[in-house]
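Structure assessment
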Amino acid sequence: MIRSVIIGSPNIGRVQPFELPGDPLCKFPSLSVMDGASTDGPTDESLRETRTTLYPMQAWYCIGLLISIIAVFQWISFFHSKFAGGCQKSQNSDPEQTYLHHRHGFSWRRIPLALVNAYRVIAFRWTLEIGNSYSLTMAEILVTMAYMAFLFGWAFVNTTDLEGRTLDLTYWGNRAGALAASQFPLITALGTKNNASEVITGISYDKLNYVHRMMSRVVFILLWVHAGSEVVLNAPFQSYLEEPWLRCGMTAIGALTILSVVSLRPIRAQAYELFFYVHFAMVLTFLVCAYFHTQYDALTYWIYPCFIIWGLDRLIRVLRLVLFNFGFRSGSMDATAELLSDDCVRLRLRRPFYFHWAPSQTAYLIIPSVSRLPFEAHPFTIASIDSNLSGVLQEQEPQGQKPTQISLEKHALGPSTLFWKEVVFFIDVRKGFTARLKEAALKGNTIKVFIDGPYGPSPNLGSYDTSVLIAGGSGVSYTLPILLDIIECARNGKSRCRRVVFVWSIRNADHIHCIDETLIRALQLAPPSLSISIRIHVTGAPTTIEALLHSYGLDRDVTPLDDYHRSEIVVFPKGKAAERSQDSLLALESVKLQKGRPDLPAILRGEVEMATGRMSVSVCGSQAIVRSVRGALRFPVCSPLSVAGGGPSVTLHIESFGYA
């Protein structure tokens, strides 16, 4: 801090505090005296007001710089992933050998790739476990701590008054409120589904939602710091209670307090609809009251952009709803709800003409007969694929002409065509909305559905040599379309993938019937150059597997191969099984059915040891599954030495399970 003596001031000889270089308040009063100007220096009031206005702007400059840096690295990573190595189609037709390559040993040229891999492990796979259902990555912890230090540092820096008193309450009280208000536009943007931050940084809205919640909670604390300072400065402040700006401020912070409590993860997960309604009402109350409160200090320019951002997001969503559901060639939006089990509903509807999506993306569904409010929308992952194959298969070959590859593919799809042709969702039955949807499925009637989307990321796996897809329960909605997309891209020569491992953990073996036809047809459509291994693990009652085998007519042909750690691998004789059920999923050589939980560390360790080039691991499941995968892909399995020695560079994609 630069200090100088004010010449000609009544306080001559006393040390005066001044700002850091670059602060417009540093005007060197001695020069003013030499020019004959007024000898009055800055006052405490002028310093407070100027810094209260200036520091939030400086905070935004820093945040903008950080966003720009993140955007540069994200887009570099995106283009590198998209074009790295090009599309290499294997010439080896043996699916058991196409992915086997010799490692060339340590190479200095792979050191940068090894360092990037080490960064991924430390930032996104080292976690702080909080109970059994929540964890924070090191990246999230670092961002949270840095943001708290940044905001509170800006609130309490340069708070020494002209008398030399440090941490003067009059300096940081209003500044804390102004800094908090300056964050509202960004918090609002991060909470919307259509925002510029997603486009600029390349980070999907569901990942940015963590930053939205974190910033909201830090600002919530900062606002209480502001409120506490006002209480101390103006106590007793009964006379101020008649002031509209104070009443609006108290109402705003009360609404934010209620919202902060309801948005806690346990409440949000167990009572999502309560959170949904309270969130909407409290945010609206908070922003309206905050606008009138900040009029007192002329800071409304931080508030009204929030209404613009929110309104723009809603406008885009309404336009999408109109286009997809009421636009030209949109057709009927009648959907079929099928109850697959007591805890799973399959919802399928005809694909809207203008609606296109990428694998693993989500859509918001509005079902008037199920939703309680007209604007109530719930997100679900799309389990089908937006495939060009479905259009090709609809072509009719001339009568009497020899069957072509197209007609063979059309015959191969069979009943599973909906996963290539329609929009399909697997929905877990819980409480509220999903429970009412289950009741609608039991009635067997078609229901009207309005769709909004798509949203969220889609991992670009075309440049990866090996892809491991792991799902638990309805998480197969995330991994199944990725598998179908990999197969289609491999057929079209647009992917360099040579091996896919599909792991699915389910409680009830009957759930296999949901996608068995689809997996059979996918395996039939896969080119010989692509090796596919499907492993289905049943964690429920031991009798479920036997019942499933009986339903396939394979109970007498099953030979247990191993019974180790309560995991039973069943092998089917190719001849008998194929003769009795040619279309049986469990009769296929690349499919294994096992009892018990999957040993994910062993599976991933084996794939990493066998793979070279680039490897992707995509997972959607419970917190236990995600933790197991993260733990398996840390050091030493994915160590820098392994990558530098020719091992694969592993990228991990995680889809959140349940509500945000």
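The structure displayed is predicted, hence computed values, not measured ones.

In the numbering used here, UniProt assigns the "transmembrane region" (unreviewed entry) feature to residues 58–79, 134–157, 218–238, 244–262 and 274–293. The span residues 244–262 is 100% helix and 0% strand, and its two end C-alpha atoms sit 27 Å from each other.

Moving on to the packing of aromatic side chains. Evaluated as defined, the whole model comprises 18 aromatic pairs. Considering the side-chain rings of Tyr272 and Phe276, the 6.5 Å spacing of their centres and the 40° angle between planes classify their relative orientation as tilted. With Tyr272 and Phe276 both in helix α11 (residues 272–294) and four residues apart, the pair spans about one turn of that helix. Consider the rings of Tyr364 and Tyr455, whose centres lie 5.6 Å apart with planes at 85°: the pair is edge-to-face. A residue pair is termed long-range when its members are at least 10 positions apart, and Tyr364 in strand β7 (residues 362–366) and Tyr455 in strand β11 (residues 450–455) qualify at 91 residues. Across this residue pair, the class does not change: Tyr364 and Tyr455 are buried. Ring pairing ties together the aromatic residues Tyr272, Phe275, Phe276 and Tyr277, which thus form one cluster. Cation over ring: Arg317 sits above Tyr364, and NZ or CZ is 5.0 Å from the ring centre. Above the face of the Tyr464 ring, Arg614 is positioned so that its terminal group lies 4.4 Å from the ring centre.

The next thing to look at is the pattern of salt bridges. Under the counting rule described, the total for this entry stands at 16 salt bridges. Among the ionic pairs, Glu422 bridges to Arg348, the shortest N-O distance being 3.0 Å. One end of the pair, Glu422, is in strand β9 (residues 422–428); the other, Arg348, is in strand β6 (residues 344–350), with 74 residues separating them in the sequence. Judged by relative accessible area, which is 23%, Arg348 ranks as partly exposed. With a closest N to O distance of 2.6 Å, Arg498 and Asp465 form a salt bridge. Of the two residues, Arg498 sits in the loop between α17 (476–491) and β13 (499–506) while Asp465 sits in the loop between β11 and β12 (466–472), which places them 33 residues apart along the sequence. Each member of the pair, Arg498 as well as Asp465, is classed as buried.

About the thresholds
Residues numbered from 1 in each chain as written. Predicted model: local features only at pLDDT ≥ 70, side-chain atom pairs only at ≥ 80, totals over all residues. Heavy atoms only, no water. UniProt positions renumbered as here; feature names shortened; annotations may be inferred. Helix = DSSP H or I, 4+ residues; strand = E, 2+ residues; numbered from the N terminus. Phe/Tyr/Trp six-rings, centres within 6.5 Å; stacked < 30°, edge-to-face > 60°. Buried < 20%, exposed > 50% of the residue type's maximum accessible area, 1.4 Å probe, protein only. Lys NZ or Arg CZ within 6 Å of the ring centre and 35° of its normal. Salt bridge = Lys/Arg side-chain N within 4 Å of Asp/Glu carboxyl O.

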